[in-house]
Amino acid sequence: MATEDKNRATAAAILPLVGGAANVSSIAHCMTRLRLGLHDRSLVDDEALKAVPAVMGVVEDDTYQIVLGPGTVARVTPEFEQLVEEGRTADPAPGEAAPPAPASASADELAAHGAAMKAARKTKNATPFKLFLRRVANIFVPLIPALIGCGIIAGLNGLLVNLGWLTSVTPALAAMASGFMALIAVFVGYNTAKEFGGTPILGGAVAAIIVFPGVANIEAFGQKLSPGQGGVLGALGAAVLAVYVEKWCRRWVPEALDVLVTPTLTVLVSGLVTIFGLMYVAGEISTAIGTFADWLLSNGGAGAGFVLGGLFLPLVMLGLHQALIPIHTTLIEQQGYTVLLPILAMAGAGQVGAAAAVYFRLPRNESIRRTIKSALPAGLLGVGEPLIYGVSLPLGRPFITACVGGAFGGGFIGLFNQLGDKVGSTAIGPSGWALFPLLDGNHGLGTTVAIYAGGLLVGYFAGFLATYFFGFSKDLLAEFNVSQEPAESTVAATGGPTSPTTGPDSPTKEPAGV
């Protein structure tokens, strides 16, 4: 099957399972997920979606998110958009496709338990502060593809410069790699105004002041300003201010004068505050972030890496990881790479090791082993949702031991940072093996790659050993280390799932406690 046909087939398989074109209110995608706004969540068939070959998992948040993986999602999304447009014209009935036969009992129990935990997490995360962090994340997520592309070009250019190859081409590569970063404040301002309900181009116009070379002739707080001072944080603040000024103008300026007065006052007021306040303040904050990150890893080393690597997945569960996105971007803007991302990526290594241990600890449970085998390749590439929500989190203890694996991997990389070997990423988004092309550091690419690879191995082994020896209680093993063949036979005979210990009318088992 041609690639285009395969992507369209995937989109065609997904559409009826989310309620059809009429049920889709918005379509977007990030690095790994197709993000859908839905009118009626009850029309979605979660289990049938998970059974679609290209689907690695589903996550319910402010949007309904279907995990397709890097690369695939960017190709499936346009096909899905086209099908939705065609479907709205034809007005098809939703839910035409019949769902496939259910999986074995234990896999269903884990999936249901994972779905319940996701729903509870979504409710808990709907606080004003976390909703604000989500909006901040929405500003930066659309920038990730450009960060990745420019980051890889920057790494390639650095390699060529060090080798002394293609000297006539490297200046052009440097321009390609640096052009986006030189203007990233403008894109942040544009997205910020769009996210907060203002006119996007006005947000971009105010943020452009920050990178304008002429600000070098202006003094604020007794100091000459420098182009780019304040960076993305300054652009974020300037654009938010512009939105509030614009909304005030829309409310009070007469309609006859609105087209002239509102944009003028928005740029004038926000621009003056940006030049004589925000650029200096945001510049100090940005400098402090870089200084603190360097100090933390130079002095905390293994301990800091251990804590960061171990706590990242709980931060994701709480929705607080989104606060790290502008910090990563600030570090990339200042230093050329973020030293935090490779450490946080070790959380995924711990998940992979934990999943491998679950595979060996449950030799009789074919359903869970099939889930792990299908999700493990994605986990190695940094797409961890299928393993988290399909295996470790519903089981309880394996999620904790996976965090332990991430902590040891983070501690390994943190130790080398303390010894003077910085390991950083020139972009945000990828993780696992997918991060290798984006690695950068202060002691050559070979050293950087070796340290990161060592961290992954430590994370894999620590997650495996912690889960194998401490991830299962006796009750958990007794419940899940059972053959599913009888259950499958019963499903075929009665049409309802059962297990060796429960009949079709028995209450659903809950996984053993942590």
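This text goes with the structure placed above it.
Residues numbered from 1 in each chain as written. Predicted model: local features only at pLDDT ≥ 70, side-chain atom pairs only at ≥ 80, totals over all residues. Heavy atoms only, no water.

Caption draft 1: Region of the structure containing the overall build of the protein. For the protein, the helix and strand inventory stands at 20 helices and 8 strands. Here the protein, with 514 residues, has 48% of them falling under the buried criterion. Counted over contacts in the protein with a minimum sequence separation of 6, partners at least 24 positions apart contribute 73%. Element-wise, carbon and sulfur atoms account for 66% of the exposed surface of the protein, whose accessible area totals about 22900 Å². (Helix = DSSP H or I, 4+ residues; strand = E, 2+ residues; numbered from the N terminus. Buried < 20%, exposed > 50% of the residue type's maximum accessible area, 1.4 Å probe, protein only. Contact = heavy atoms within 4.5 Å. Areas by Shrake-Rupley, 256 points an atom, 1.4 Å probe, with all protein chains shown as cover.)

Caption draft 2: A look at the nonpolar core. Counting residues in each nonpolar core, the largest one holds 72 residues, and the members touching the most others are F140, I184, V188, V358 and Y452. For this core, the leading source of residues is helix α11 (residues 255-318), giving 8 residues. The residues touching V358, leaving out its near neighbours within four places in the chain, are I368, I372, V391, L395, P398, T467 and F472. With 23 residues, the next largest nonpolar core counts A11, L15, L36 and L68 among its residues. (Core = buried A, V, L, I, M, F, W, Y, C linked by side-chain atoms within 4.5 Å.)

Caption draft 3: A look at the packing of α11 against helix α17 (residues 397-418). Orientation of α11 relative to α17, taken along the N-to-C sense of each, is 150°, at an axis distance of 6 Å. When the interaxial angle is binned, α11 and α17 end up roughly antiparallel. Viewed along their axes, α11 and α17 form a crossing whose handedness is right-handed. Across the contact of α11 with α17, the residue classes break down as 11 nonpolar, 13 polar and no charged. (Axes fitted to C-alpha atoms, helices over the stretch in contact; angles between N-to-C directions. Parallel < 35°, antiparallel > 145°, perpendicular 65-115°, else oblique. Left-handed = near helix turned anticlockwise from the far one by under 90°. Nonpolar A, V, L, I, M, F, W, Y, C, P; charged D, E, K, R; others polar.)

Caption draft 4: Representation of the packing of α11 against helix α12 (residues 324-335) in the model. Running from amino to carboxyl end, α11 crosses α12 at an angle of 125°, the nearest separation of the two axes being 12 Å. The angle between the axes of α11 and α12 places the two elements in the oblique class. You can see that α11 and α12 cross each other, and the crossing is left-handed. Along the contact surface, α11 presents S286, T287, I289, G290, A293, D294 and F312, while α12 presents L324, I327, T330, L331, Q334 and Q335. Residue composition of the contact of α11 with α12, by class: 6 nonpolar, 6 polar and 1 charged.

Caption draft 5: Quick look at the sheet that holds strand β1 (residues 24-29). A sheet is described by the order of its strands in space; here 4 strands give the open sequence β1-β2-β4-β3, paired in antiparallel fashion. Each edge of the open sheet is held by one strand with a lone partner, namely β1 and β3 (57-60). Shown here is a sheet whose adjacent strand axes are inclined to one another by a mean of 20°, direction ignored. Taken together, the 4 bridges between β3 and strand β4 (residues 64-67) define a ladder with antiparallel strand orientation. Across the sheet, V58 pairs through a bridge with I66, a residue of β4. (Pairing = 2+ DSSP bridges.)

Caption draft 6: The pattern of salt bridges, seen in detail. Using the criterion set out here, one finds 9 salt bridges in the structure. A salt bridge links D294 to K422; the nearest nitrogen and oxygen atoms lie 3.4 Å apart. Pair noted here: D294 is in helix α11 and K422 is in the loop between α17 and β7 (423-425), with a separation of 128 residues, a long-range link. For R369, the salt bridge is made with E366, and the minimal N-O distance between the two is 3.9 Å. Of this pair, R369 and E366 both sit in helix α15 (residues 366-380), separated by 3 residues, roughly a single helical turn. (Salt bridge = Lys/Arg side-chain N within 4 Å of Asp/Glu carboxyl O.)

Caption draft 7: Layout of the side chain of D258. Within the fold, D258 resides in helix α11. One polar contact links D258 to R250, side chain to side chain, over a distance of 2.5 Å. Setting aside its immediate chain neighbours within four residues, D258 contacts C249, R250, V253 and P263. (Polar contact = N/O pair within 3.5 Å; in protein donor to acceptor, adjacent residues only side chain to side chain.)

Caption draft 8: Examining unusual backbone geometry more closely. Look at L166: it is not a glycine, yet its phi comes out positive at around 50°. Relative to the helices and strands, L166 is located in the loop between α6 (144-163) and α7 (170-182). Positive phi values are uncommon outside glycine, yet F221 reaches one of about 60°.

Caption draft 9: Representation of helix α18 (residues 445-470) within the structure. Along its 26 residues, α18 runs 37 Å from first to last C-alpha, staying within 8% of the 38 Å computed at 1.5 Å per residue. Looking at α18, one finds that the buried residues are T448, I451, Y452, G454, G455, L456, G459, Y460, A462, G463, A466 and T467. As for α18, its buried residues are in contact with α13 (340-344), α14 (346-361), α15, α17, β7 and β8 (439-441). (Expected span 1.5 Å × (residues − 1).)

Caption draft 10: Quick peek at the pairing of β1. Direction of pairing for β1 relative to strand β2 (residues 33-38): antiparallel, over a ladder of 5 bridges. By the bridge assignment, A28 is partnered in β2 with R35. Hairpin connection of β1 to β2: 3 residues between the antiparallel strands.

Caption draft 11: A look at the side chain of T192. Along the polypeptide, T192 turns up in helix α8 (residues 184-195). Given a relative accessible area of 0%, T192 falls into the buried group. A polar contact of 2.6 Å, which involves the side chain of T192, links it to the backbone oxygen of V188. Aside from chain neighbours lying at most four places away, what touches T192 is I139, L236, A239 and V240.

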